[in-house]
Protein chains: 2
Amino acid sequence: MANIPSTPAPRSQDISTAEQEQAAYRTLLAGELEDFLATQHAVLSDVSEEALPLLEAVHNLSRGGKRLRALLAYWGWRGAGGAPLDTAAVRAGVALELFQSAALIHDDIIDRSDTRRGGPSVHRTFSLAHRDANWHLDGSHFGSSAGILAGDLCLALSEEMFSAVGVPAAHGTTARRIFNRMRTEVMAGQYLDILEEVVGPSHEPERAVVRARNILRYKAAKYTTEHPLALGGALAGANEELLAAYSRFALPLGEAFQLRDDVLGVFGDPQTTGKPAGDDLREGKRTVLIAYALCGGGETARREITLRLGDPGLDDDGVQVLRSIIEDSGALAATEALISSHTEAAFAALEALPVDEVSRAALEALAHSAVRRSS
Amino acid sequence: MANIPSTPAPRSQDISTAEQEQAAYRTLLAGELEDFLATQHAVLSDVSEEALPLLEAVHNLSRGGKRLRALLAYWGWRGAGGAPLDTAAVRAGVALELFQSAALIHDDIIDRSDTRRGGPSVHRTFSLAHRDANWHLDGSHFGSSAGILAGDLCLALSEEMFSAVGVPAAHGTTARRIFNRMRTEVMAGQYLDILEEVVGPSHEPERAVVRARNILRYKAAKYTTEHPLALGGALAGANEELLAAYSRFALPLGEAFQLRDDVLGVFGDPQTTGKPAGDDLREGKRTVLIAYALCGGGETARREITLRLGDPGLDDDGVQVLRSIIEDSGALAATEALISSHTEAAFAALEALPVDEVSRAALEALAHSAVRRSS
């Protein structure tokens, strides 16, 4: 568990105010998403009732999740002086959550993940429908194809909702610039990620950690925490100084969050993660954790990793072998140390944030849940 | 060849004015696209030089093409009184062309098309790079994954450019509503298209033509001609009456255009189409042409189509068998008749359009090239 520096505890009154406001925001967020998808239901129905499963897939996925991005955007907005429960902050939150759903839908195709949040992933849902209906041709390809289209629809809807924020998100604003940059960076980061997998563990292993940390930064950290917080702030008119202070808090937080995710993907309990044990190993994910093992693990460790990582048929024994290598090479300890140092940096920056105490209490709670989680 | 009704020929002076203005627009369009992608190059370089192939794929694809959508948007803009060569019309054109590129990138993965415009398709480019570099894991899956990401990037860039049109494209405008609806409809239409393929030729063949025409309308016609023309008009402030007149011209034009495409996909000359002969048959495309053959062709025709359509290994003899069935069943003649009737409706509506004579001359030339093409 990462060391979280002892900062002055928020007053219980601030915590309780933040919790109540956040619960109200969550309700508005869910309502706005439902209303928006209902209007889309009408658009798709006009085309054909048979097209509705595409929207249902988006709906089922986007109604779940922790809402971390939307909540960060909300407190970024509030911390910059935005009005409580304002529609702009609600819509920006829905846009971020829809973007996340789109990324997950396509990610699951790319990673060949059949499960998501304990149920079948979107492309898998379509290939199961194909099987159950005894349709023709290749059901797996149909699933991927429908998943590509569902992700595309979700990506377009994310942006449609973002533009509905109106004037503060219009062309030329800081918020629009952040939203645009976020999308390009995520896609670039994801490309680097799949490139790293195919280039293979033997490619310049001494630079593996540098590359893995860059991928983590662009594919995950900036997008999960830094950009959402900054986006909310920018919508409320935050100046450059506040946005920079937000980054000093949110970027290390996002890095710690994703590193925790990487550790859970190898060592996590399937009961709490909702994914099979060691799933990241079977998928061949080239995480910072693996990069440390490649750098620090010696010849045998590298050979075993090269042999086993990304083997879809990796069994429990194989998972155990890789887990031992990752522990014995010092990779787990190095990753935990990195999580600790990022966490410390994030909490120190949080303390220095020039925001009201309710927003700070809310951000502190979000930060704790991000780095202390077990799923 | 479709009968094109003899409308009063445009004056040669109007034709020449339209041609010059259109050439100037094309130059601005290409310049705006290059400038925009150069700014994106900087964003991706900040992430990593290794991410640049993703943008190069978008660049290579989007710099080609007939520019039909952009040109229709331009003359829709001009016909509604928009200023010549205005930046708003240029940016809307770039946004439409980038959207088309995104759709093609994902379409080629879905259709398993290895070629596009005579060269390798985007996903194929990435799987070839994988092969040439002797990378690890499944090169075909890497190609598809990179193609998914390149299409996503292109989709996001399309919207980024559309929002850069500014106030006339802001939330709540008619132009934004058209842009949003276009995207949702295309994705719904594409889903119906892949659904039709897997449901198979034996599913309610008597309704096959109805379904195929609906798919054609949403996946292709509205998106290729109706929405771009209306979008340009809306950006220039066209009223509902003009937009309705635009639809009466552009929707049948788009239907004729796509039906011609379907005929070329089966009977076209590979030398001019840039695709292997009968490629649509190998891909199993469920076009209106095929639907007519299923409806009108009798038991044997249905059995042969069910057996051969969508067979990736279909050879020249197999192509010839299907071509004969399509001709003998009357499907080719029925499709040509439909092309003629749509073409006539489009040209009649063009004559009645309340636009200036230069715009009408330009639209007439575009309409001719759309329905008379051989590639």
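You'll find chain A entered in an unreviewed UniProt entry as Polyprenyl synthetase family protein, with Arthrobacter zhangbolii given as the organism. According to UniProt, the comment filed for chain A under the heading Cofactor (unreviewed entry) is "Mg(2+)". The heading Sequence similarities (unreviewed entry) in the UniProt record of chain A holds the text "Belongs to the FPP/GGPP synthase family."

So, about helix 15 (residues 331-352) of chain A. Residue and element names in this part refer to chain A. In this model, helix 15 (22 residues) spans 32 Å end to end at C-alpha, consistent with the 32 Å of a helix rising 1.5 Å per residue. Buried within helix 15 are the following residues: Ala-331, Leu-332, Thr-335, Leu-338, Ile-339, Ser-340, His-342, Thr-343, Ala-346, Phe-347, Ala-349 and Leu-350. Packing partners of the buried residues in helix 15 comprise helix 8 (208-235), helix 9 (240-267), helix 12 (288-296), helix 14 (316-328) and helix 16 (357-372).

Below, the discussion takes up the relation of the copies chain B and chain A. Mapping chain B onto chain A leaves a residual RMSD of 0.0 Å; the transformation is a rotation of 180 degrees accompanied by 0.0 Å of translation along its axis. Taken together, these values place the two copies in the relation of a two-fold axis. Of the residues that chain B buries at the interface, 100% are likewise interface residues in chain A, meaning the two copies contact each other through the same surface.

Below, the discussion takes up the nonpolar core. By size, the foremost hydrophobic cluster in this structure holds 257 residues, and its most contacted members are Tyr191(A), Phe249(A), Tyr191(B) and Phe249(B). Among residues more than four places away in sequence, those in contact with Phe249(B) are Leu229(B), Ala346(B), Ala349(B), Leu350(B), Leu353(B), Leu363(B) and Ala367(B).

This part covers the pattern of salt bridges. Side chains that differ in sign of charge can pair as their charged atoms come close. Overall, the coordinates contain 54 salt bridges over all chains when judged by the stated rule. Here Asp46(A) and Arg181(B) are joined by a salt bridge, their closest N and O atoms 2.9 Å apart. Residue Asp46(A) is found in helix 1 (residues 12-47), and its partner Arg181(B) is found in helix 7 (residues 174-199); the two belong to separate chains. A residue is classified by how much of its surface remains accessible, and Asp46(A), at 49% relative accessible area, is partly exposed. Classification of Arg181(B) as partly exposed rests on a relative accessible area of 27%. Put simply, Asp280(B) and Lys285(B) hold a salt bridge, and the shortest N to O gap is 3.3 Å. Asp280(B) sits in the buried class, given a relative accessible area of 9%. With a relative accessible area of 22%, Lys285(B) lands in the partly exposed category. Through salt bridges with shared partners, one network takes in Glu159(A), Arg176(A), Arg183(A), Glu159(B), Arg176(B) and Arg183(B).

Contacts between chain B and chain A engage 58 residues on the former and 58 residues on the latter. In total, chain B and chain A occlude about 5,600 Å² of area from one another, counting both sides; carbon and sulfur atoms represent 68% of this. Here chain B and chain A share eight salt bridges between them. Joining chain B to chain A, the criterion identifies 20 residue pairs in polar contact (both at pLDDT 80 or more). Residue assignment for the side of chain B that touches chain A shows that the elements contributing at least two residues are helix 1 (12-47), helix 2 (52-62), helix 4 (87-110), helix 5 (122-132), helix 6 (139-163), helix 7 and helix 8 (208-235) of chain B. The element contributing the most residues to the side of chain B that touches chain A is helix 7 of chain B, with 16 residues. Split by residue class, the side of chain B that touches chain A holds 29 nonpolar, 15 polar and 14 charged.

Let us look at the environment of Thr287(A). All names here are of chain A. Its location among the elements puts Thr-287 in the loop between helix 11 (279-283) and helix 12. For the pair formed by Thr-287 and Gly-265, sequence separation is 22 residues and the distance between their alpha carbons is 9.7 Å. In this view, Thr-287 contacts Ala-212 and Asp-262; residues no more than four positions away in its chain are not counted.

Counted by the stated rule, this structure contains 16 aromatic pairs over all chains. With centroids separated by 6.4 Å and ring planes inclined at 40 degrees, the aromatic side chains of Phe142(A) and Tyr191(B) adopt a geometry described as tilted. One end of the pair, Phe142(A), is in helix 6 (residues 139-163); the other, Tyr191(B), is in helix 7, on a second chain. Classification of Tyr191(B) by relative accessible area gives buried; the value is 3%. Consider the rings of Phe162(A) and Phe179(A), whose centres lie 3.9 Å apart with planes at 10 degrees: the pair is stacked. Pair noted here: Phe162(A) is in helix 6 and Phe179(A) is in helix 7 (residues 174-199), with a separation of 17 residues, a long-range link. Side by side, Phe162(A) and Phe179(A) carry an identical accessibility label, which is buried. Taken together, the ring pairs connect Phe126(A), Trp135(A), Phe142(A) and Tyr191(B) into an aromatic cluster.

Rules behind the numbers
Residues numbered from 1 in each chain as written. Chains lettered and ligands numbered in written order. Predicted model: local features only at pLDDT ≥ 70, side-chain atom pairs only at ≥ 80, totals over all residues. Heavy atoms only, no water. UniProt positions renumbered as here; feature names shortened; annotations may be inferred. Helix = DSSP H or I, 4+ residues; strand = E, 2+ residues; numbered from the N terminus. Expected span 1.5 Å × (residues − 1). Buried < 20%, exposed > 50% of the residue type's maximum accessible area, 1.4 Å probe, protein only. Contact = heavy atoms within 4.5 Å. Least-squares fit on C-alpha atoms with pLDDT ≥ 70 in both. Core = buried A, V, L, I, M, F, W, Y, C linked by side-chain atoms within 4.5 Å. Salt bridge = Lys/Arg side-chain N within 4 Å of Asp/Glu carboxyl O. Buried area = accessible area lost by both parts, 1.4 Å probe. Polar contact = N/O pair within 3.5 Å; in protein donor to acceptor, adjacent residues only side chain to side chain. Nonpolar A, V, L, I, M, F, W, Y, C, P; charged D, E, K, R; others polar. Phe/Tyr/Trp six-rings, centres within 6.5 Å; stacked < 30°, edge-to-face > 60°.

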